[in-house]
Amino acid sequence: MRRLLCMMIPLSVAAALALYTRSAPAELGPCKTTPSAVIFPRQSIPLSFSHKDHLAQKLSCDFCHEDAPDSTSSSDNNIPAEETCTTCHEIDRGRPDKQVAAGQPDAKCDSCHPGWDGAGQPPRVVVPPPNLKFNHKAHVERKIRCQECHGDLAAAGVDLATREQLPHMPLCLGCHDGKQAQSRCTTCHQGVEGGMVKLDYAEGKLAPSGVLRGDAHDLRFRTDHAKLGADEKYCANCHKKDFCTDCHDGVEKPLDFHGNDYVTLHPIDARRNTPDCSSCHRQQTFCTGCHSRSGVTEDRKTGDFERTPLAETDDFRANKLHPRGWFEKPPGTSGPIARKATHHSFQAQRNIRTCTSCHREELCMSCHQDDQLDGAVETRPIDPHPIGWMGSARCEALRSKNQRMCYKCHVGGASCDTRPM
Amino acid sequence: MRLAPPSPTARRAWACAVALVAALAPPPRPAAAYEFTVEARSIGQGYQLRWFRFSEEALLNRRRFTQTLRLHIWDILRPGFDPAYPEKPRVAPADLYFVSAMRFQHDFGGWTQGSALSTPALGDLTALDAIPELARESMEIDLPYAYLGGRRIWGFLDFELGRQLVVDSLDWYSFDGLTLHARTPWRFTVEAHGGLRVRDSSFVGSPTHEPDGTSSLRCFFFDPAVNVWRSYETEARCGQLEQRDQLMPTFGAAIESEGLRRVQARLAYRRAQSPTAGGVYPDAAPGWGVNEEKLTLSARGNFWSGGIVPWGAARWNLLLAAIDEAHAGVRLAWSQQAVTPEIAYSLPSFDGDSIFNVFSIEPYYDYRVSYDLWPRRGRFRAHARAFLREFFAETDAVDDPTTPEVETTVLAPGESVDESVWAGGAAAGASLAWPGARARLDLFYEDGHGGLRAGGDASGWYRIARDLEVEARVTLIQFDEDSLANLHGVTFGAQGGGRWVLAEGIALHLLAEENINRFYTSQLRVIAVLDLAFHPEL
């Protein structure tokens, strides 16, 4: 019951999270995300303005955004200045409450700057340039209409345009597919040395949202990204090779990857191989060395390994990590072999990696070799092959690809047609 | 003073000399403008590990030093900036680059430098004599990767030449050689590689890249005089496994989709083999053996703008005539959350020289479902995850009466073994970030095959100043390994550290970790890292 309660804690947290999201406003589209605050830094637009109403006057976009068609850089400010507004709005700074005739465009200051009475400066519009490369002119020259990237603001009934009206990457990739237009990441994203995408900005670190390839760098991504591993070239758009080796070669792993006291706790993870140890470590080079040195493994050279420790002796059980019944009988004794439930063969079948992280081949050969080490053939060798081994495709594949393995136990050579001798 | 005009002979001699110099001189070349980075990292670690040999109380010191050096050069052929033509684009005939990393490591502590002790037959041994695997940690210089690469040669060809580390969804390995990638006009690329597999015995190689399954320790040898394998029980040290010193040629090919918006797929084949070492195996052993031969197919889709992202990968191991690794899943994302069910399959496989390939009989399956939340890409993020992993054992083995020479075991009367056993668990975590600060909490509970592991950890990071950050983490975990009677208890760990940017390109990290449980009242670990980075632009 206590374990059940413990298991309920993480599940309860998950349920709470799910309930929390029910109160969050849903957004359009299957995976439409809010604009990245790194690509499009947060804006402050303390204005009262309606694109919908202006477009209803049959004004074209470049009537107000007159510099946009010739803009070649994303850092260009294409937001209309007051002079543009005065084309229609008879603004008079000396008369903040200026009234106009009915049907004429407003001229009062607070009709656009709500709450501002004309004293001092109005609240400033802050629209930082996006952290992207963009050339309006090049797109206009290709007859791409404003609505294709920014949406039909009239139809959508947009008043104040915000970051929501800036194009998202899936839209860009509709044309930037490598055929119609360049598809390299740095065509639009700012680059750093090596042609990789710049990731670090004052606004934060750039990371995929998942819209493009389902590769959202969420909280689990650092330890759960194998599904993307097949696309090394894609990852290389942002990461150098050392980004892989820093974690995966088992020497310079991030300090927080294995939790505190992992030396004590790692046997539990290793038994079920979660996380997958082989993602970073080789059992026969990394694990066995450490286990031999620390004395976890008693083997031929680092301890008092003799043939007898394989037996069910009290010394063996007292000093070793395996339970009673791990071996069926001491080598050299005769009689039928009967395995207990704790027999090592069952553990080996469930996860052989658990065995290979401590033991080398010669330990297995001690009992499973046709002619046991040093020719000690007083017992029949114990057959480790699975049921149906003889004549199996697997036997034939192993034998035909690399007989060296077979020779380690079958000094006379191996066959898949008859029981090996 | 007026000089006399040179004679015709002298003029001819000068003309010839100038012509000769002009002919021998290298042709004028545009100035090259490449970019490079040099990064060095020095890591010092001090901690202790329990030594189970004689006493539960004994500890062995580890005093590790690791030094890495990385050099990356890009745009090797790009012409230099010409002030006379400021608008002229600097286009290189090919994008040429070089990336490399070198590492040195040493352990000054008793872990590698001490005595391993003792067998009555052999007497005292040093740790390195007894355990060759420690050689890497005692003194190693290795080259994780170093290659010259080129992109878009003739508009369609990429190459890498040198030591390459290859990582994909089901594998990672390293080789010295050449890789060619060629784009075709038909939305796919073809790839081929060939060279020598990097292994422990390779020049500045690392055992990390040795195919797994055989040890560098060999305490037995084949004695053809009596036709049996013999052990080195009376030798001063075990022999190195000569087979692991053999060169391992490798080659492979792949075909991969390119430029498809909704689907990506890759089919890859590779093989590595090695000659049989002389004097190790019986004379009848073949001259060559395959160490690895694998065919991998992976595919991923992206539909509904990232709303449905299915993927799958499977690896056919030709050595085993079986699929040895596979996984599949789909990420279903909507609004600000995603659910990801997955299934994975693994049949452990090893180097073709390893007899563990025979002992690896049963695969295991892993079923997972994850939930991720990122409301409005804001400062709060969370996840939850549950998994079940199923392991199998063959329980109905019978003695084969037709081959009395070989003994098969049977289950003892009254004993029962589960054909399948399970491990499972759940975890959830959340992270909250502010400008210059971050906090995270993770809770987990796992039980079943392997044992119990339940608890959580809380961590935080705070930027005190532009050049100074601190971080801390506390962990509390209850554990109970299910096969080791003694391995249970509660462990509490605390970790604290900081990062100080001393100057541009120079950073110092310090971290201390203290753990307390019933095995020890204190287990202090101290780590210091000095990062040096030089990123000029020429």
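Residue numbers here run from 1 along each chain, matching the order of that chain's written sequence. Whichever chain is written first becomes A and whichever ligand is written first becomes 1, with later ones labelled in order. The model is predicted, so local features are restricted to residues of pLDDT at least 70 and side-chain atom pairs to those at 80 or more, both for listing and for counting; the totals for chains, interfaces and linings are taken over all residues. As a rule here, side-chain values cover all heavy atoms of the structure and leave hydrogens and water aside.

In this section: the overall build of chain A. Counting its secondary structure elements, chain A contains 18 helices and three strands. Remark: exposure states derive from per-residue accessible area (1.4 Å probe, protein chains only) relative to the maximum for the residue type, with buried under 20%, exposed over 50%, and partly exposed in between. In chain A, which comprises 421 residues, the share counted as buried stands at 43%. Secondary structure elements follow DSSP: runs of H or I no shorter than four residues count as helices, runs of E no shorter than two count as strands, and numbering proceeds from the N terminus.

The nonpolar side chains of a soluble globular protein tend to be buried with one another. The set of buried Ala, Val, Leu, Ile, Met, Phe, Trp, Tyr and Cys residues whose side-chain atoms join them within 4.5 Å is what this entry labels a nonpolar core. If you look at the biggest cluster of nonpolar residues, it comprises 23 residues, and the most contacted ones within it are Ile352(A), Leu398(A), Ile355(B) and Phe359(B). Every element with two or more residues in this core is listed here: helix H15 (352-356), helix H16 (361-368) and helix H17 (393-401) of chain A together with strand S16 (322-334) and helix H5 (356-359) of chain B. Here this core gets three residues from one element, more than from any other, and that element is H5(B). If we ignore the near neighbours within four places in the chain, the residues touching Phe359(B) are Ala348(A), Ile352(A), Cys364(A), His368(A) and Pro384(A). Two residues form a contact once any of their heavy atoms are found within 4.5 Å.

Once that is clear, we can look at the state of the cysteines. Residues and elements named next belong to chain A. In this description, the term disulfide denotes a pair of cysteine sulfurs within 2.5 Å. In this structure the tally under the stated criterion is one disulfide over all chains. A disulfide bridge connects Cys-395 with Cys-416, and the sulfur atoms are separated by 2.0 Å. Every disulfide takes its handedness from the sign of the S-S torsion; for Cys-395 and Cys-416 that torsion is -95 degrees, giving left-handed. With a gap of 21 residues between them, Cys-395 in helix H17 and Cys-416 in the segment after helix H18 (403-407) connect regions that are remote in the sequence. In terms of burial, Cys-395 and Cys-416 fall into one category: buried. Considering cysteine sulfurs only, Cys-112 is the nearest to Cys-109, which forms no disulfide, with 8.9 Å between them. Cys-188 takes part in no disulfide bond, and the closest cysteine sulfur, belonging to Cys-172, lies 5.6 Å away. The class for Cys-188 is partly exposed, based on a relative accessible area of 22%.

Let's shift gears to the pairing of strand S13 (residues 263-275) of chain B. Remember that side chains alternate between the two faces of the sheet whenever the strand is regular. All names here are of chain B. Bridge count between strand S12 (residues 249-257) and S13: seven bridges; the pairing is antiparallel. The residue of S13 that forms the bridge with Ile-255 is Leu-267. In the sheet, S13 pairs with strand S14 (residues 288-301) via 13 bridges, with the strands oriented antiparallel. Each bridged residue has a counterpart across the sheet, and for Arg-266 the counterpart in S14 is Ser-298. Strand pairing follows a simple DSSP-based rule, namely that at least 2 bridges must link the two strands.

Now for the pattern of salt bridges. Pairing between side chains of opposite charge can happen when the charged atoms of each approach one another. The salt bridge criterion pairs a side-chain nitrogen of Lys or Arg with a carboxyl oxygen of Asp or Glu, the two atoms within 4 Å. A complete count under the given rule lists 49 salt bridges over all chains for this structure. Its salt-bridge partner being Arg220(A), residue Asp224(A) comes within 2.6 Å of it at the nearest N-O pair. Take Asp224(A) and Arg220(A): they sit in the same class, and that class is buried. For Arg315(B), the salt bridge identified is with Asp171(B), shortest N-O distance 3.7 Å. Pair noted here: Arg315(B) is in strand S15 (residues 308-317) and Asp171(B) is in strand S6 (residues 171-183), with a separation of 144 residues, a long-range link. Comparing Arg315(B) with Asp171(B) shows no difference in burial state: the two are buried.

Residues and elements named next belong to chain A. With respect to the helices, strands and loops of the structure, Arg-124 is situated in the loop between helix H4 (82-85) and helix H5 (136-141). The class of Arg-124 is exposed, set by a relative accessible area of 54%. Put simply, Arg-124 and Pro-46 are 78 residues apart on the chain and 7.1 Å apart in space, counted from C-alpha to C-alpha. What Arg-124 contacts, discounting residues up to four positions off in sequence, is Ser-44 and Pro-46.

Residue and element names in this part refer to chain B. Here is the rule: rings of Phe, Tyr and Trp (six-membered ring for Trp) pair when centre to centre is within 6.5 Å. Planes less than 30 degrees apart are stacked, more than 60 are edge-to-face, and the remainder are tilted. Under the definition given, this model contains 14 aromatic pairs over all chains. A centroid spacing of 5.6 Å and a plane angle of 55 degrees characterise the contact between Phe-350 and Phe-356, whose relative ring orientation is tilted. The pair Phe-350 / Phe-356 is uniform in exposure class, with both members buried. Seen from their ring centres, Phe-356 and Phe-359 are 6.5 Å apart, and the 50 degrees between their planes marks the pair as tilted. Of the two residues, Phe-356 and Phe-359 both sit in helix H5, three residues apart, roughly one turn of that helix.

So, on to helix H10 (residues 241-248) of chain A. Residues of H10(A) that are buried: Lys241(A), Asp242(A), Thr245(A) and Asp246(A). One side of H10(A) holds all its buried residues, which, seen down the axis, span an arc of 130 degrees. For H10(A), the secondary structure elements touched by its buried residues are helix H9 (232-235) of chain A together with strand S1 (35-50), strand S2 (59-74), strand S4 (139-153) and strand S5 (157-168) of chain B. Relevant arc is that of directions from the helix axis to the C-beta atoms, nothing else.

All names here are of chain B. Here the term patch refers to residues with relative accessible area over 30% and no salt bridge, with like charges joined within 9 Å and nonpolar side chains (Val, Leu, Ile, Met, Phe, Trp, Tyr) within 5 Å. Each accessible area is a Shrake-Rupley result for a 1.4 Å probe, and residues are judged covered by the shown protein chains and nothing else. A contiguous nonpolar surface patch, about 680 Å² in accessible area, is contributed by Tyr-462, Ile-464, Leu-468, Val-470, Trp-500, Leu-502, Ile-506 and Leu-532. Secondary structure elements with two or more residues in the nonpolar patch: strand S23 (451-465), strand S24 (468-481) and strand S25 (488-503). Residue class for Leu-532 comes out partly exposed when judged on its relative accessible area of 38%.

It is worth spelling out the pairing of S25(B) at this point. Residues and elements named next belong to chain B. Pairing geometry for S24 and S25, over 13 bridges, is antiparallel. In the strand pairing of S25, Glu-469 is matched with Arg-499. Remark: six residues form the turn of the hairpin made by S24 and S25, two consecutive strands paired antiparallel. As judged from the 11 bridges shared by S25 and strand S26 (residues 506-517), these two strands associate in the antiparallel manner. Note on S26: the bridge partner recorded for Arg-499 is His-509.

Residues scored as charged are limited to Lys and Arg (positive) and Asp and Glu (negative), so that His and the chain ends carry no count. Charge coordinates come from a single atom per side chain, which is NZ of Lys, CZ of Arg, CG of Asp or CD of Glu. On the surface, Asp62(A), Glu66(A), Asp67(A), Asp70(A), Asp76(A) and Glu141(A) cluster together into a negatively charged patch. Positionally, Glu66(A) belongs in the loop between helix H3 (61-64) and H4.

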